[in-house]
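Coordinates in review
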Amino acid sequence: MSVNKAILIGNVGNDPEVRYLEGGTSVARFSLATSEVYKNKSGEKVTQTEWHNIVAWRHLAELAEKYIKKGRQLYVDGRIINRSWEDKEGNKRYTTEIVAGSIQLLGRKGDNDTAPATPVESQSKEAKPENTDFSKDQSEDDDLPF
């Protein structure tokens, strides 16, 4: 058994670039920044930012084009993939991407005028509630210590 899962909360670095492939399949690509703040040995506050390449397919790509804008805070749940290709000069190039399985818009309602407050969308065909708050306990019978 194996697991390939990435969960990110961060800010969108650029408006999604959406393309339509043969047959009409849509794909959106955008960057997401996650940051960690800590104090170094001399007590100075340091922010370390990691950039992630996000890829959304089909329905999620169309929703990304409609609602996701640069600066928006997102929750992204997906899987990690590594790809390689040869560039025009024949050099081998590599990239790591997160293929989104679900995306949730975060932040306050007024943060982005064109988007609903917190829709949850997924590529899976399972029925999902329109709004999910991941910070609430899912079950009162849960006896986990955290």
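Residues numbered from 1 in each chain as written. Predicted model: local features only at pLDDT ≥ 70, side-chain atom pairs only at ≥ 80, totals over all residues. Heavy atoms only, no water.

1. Observations regarding the overall build of the chain
In terms of helices and strands, the chain carries 1 helix and 7 strands. The N-to-C order of helical and strand elements in the chain reads β-β-β-β-α-β-β-β. Put simply, the chain has 146 residues, and 33% of those count as buried. Carbon and sulfur atoms provide 46% of the accessible area of the chain, an area that totals close to 10,700 Å². (Helix = DSSP H or I, 4+ residues; strand = E, 2+ residues; numbered from the N terminus. Buried < 20%, exposed > 50% of the residue type's maximum accessible area, 1.4 Å probe, protein only. Areas by Shrake-Rupley, 256 points an atom, 1.4 Å probe, with all protein chains shown as cover.)

2. Re the pattern of salt bridges
When the charged atoms of two side chains lie near each other, side chains of opposite charge can form a pair. In this structure the tally under the stated criterion is 3 salt bridges. Salt-bridge contacts for Asp77 lead to Lys5; the nearest nitrogen and oxygen are separated by 2.8 Å. Residue Asp77 is located in strand 5 (residues 73-86), and its partner Lys5 is located in the segment before strand 1 (6-12); the two are separated by 72 residues in the primary sequence. On the basis of relative accessible area, Lys5 is assigned to the exposed category, the value being 51%. A salt bridge links Arg83 to Glu97, with the shortest nitrogen-to-oxygen separation between them at 2.9 Å. With Arg83 in strand 5 and Glu97 in strand 6 (residues 92-105), this pair connects stretches of sequence that are 14 residues apart. For Arg83, a relative accessible area of 34% gives the class partly exposed. (Salt bridge = Lys/Arg side-chain N within 4 Å of Asp/Glu carboxyl O.)

3. Re unusual backbone geometry
When glycine is set aside, most residues are seen to have a negative phi, and most peptide bonds are trans. The backbone of Arg58 sits at a positive phi, close to 50°, despite the residue not being glycine. As for its placement among the helices and strands, Arg58 is situated in helix 1 (residues 58-67). Accessibility expressed as a relative area gives 48% for Arg58, which makes it partly exposed.

4. Some remarks on the nonpolar core
Here is a general trend for soluble globular proteins: nonpolar side chains tend to be buried in one another's company. Phe30, Ile54, Ile68, Leu74, Val76 and Ile103 are the most contacted members of the largest nonpolar core, which totals 21 residues. Residues in contact with Ile68, not counting those within four places in the same chain, are Val12, Pro16, Phe30, Leu63, Leu74, Ile103 and Leu105. (Core = buried A, V, L, I, M, F, W, Y, C linked by side-chain atoms within 4.5 Å. Contact = heavy atoms within 4.5 Å.)

5. Examining the side chain of Ser26
Considering the arrangement of structural elements, one finds Ser26 in strand 3 (residues 26-39). In this structure Ser26 touches Arg19, Tyr20, Ala56, Trp57, Arg58, Ala61 and Glu62, once residues within four positions along its chain are discounted.

6. Some details on helix 1
Along helix 1, the residues classified as buried are Leu60, Ala61, Leu63, Ala64 and Tyr67. The arc that holds the buried residues of helix 1, viewed along the axis, is 165°, so those residues lie on one side. (Arc of directions from axis to C-beta.)

7. Thoughts on the environment of Glu62
As for its position among the elements, Glu62 is in helix 1. Ignoring sequence-local partners within four residues, the contact set of Glu62 consists of Tyr20 and Ser26.

Any functional reading would require information that these geometric values do not contain.
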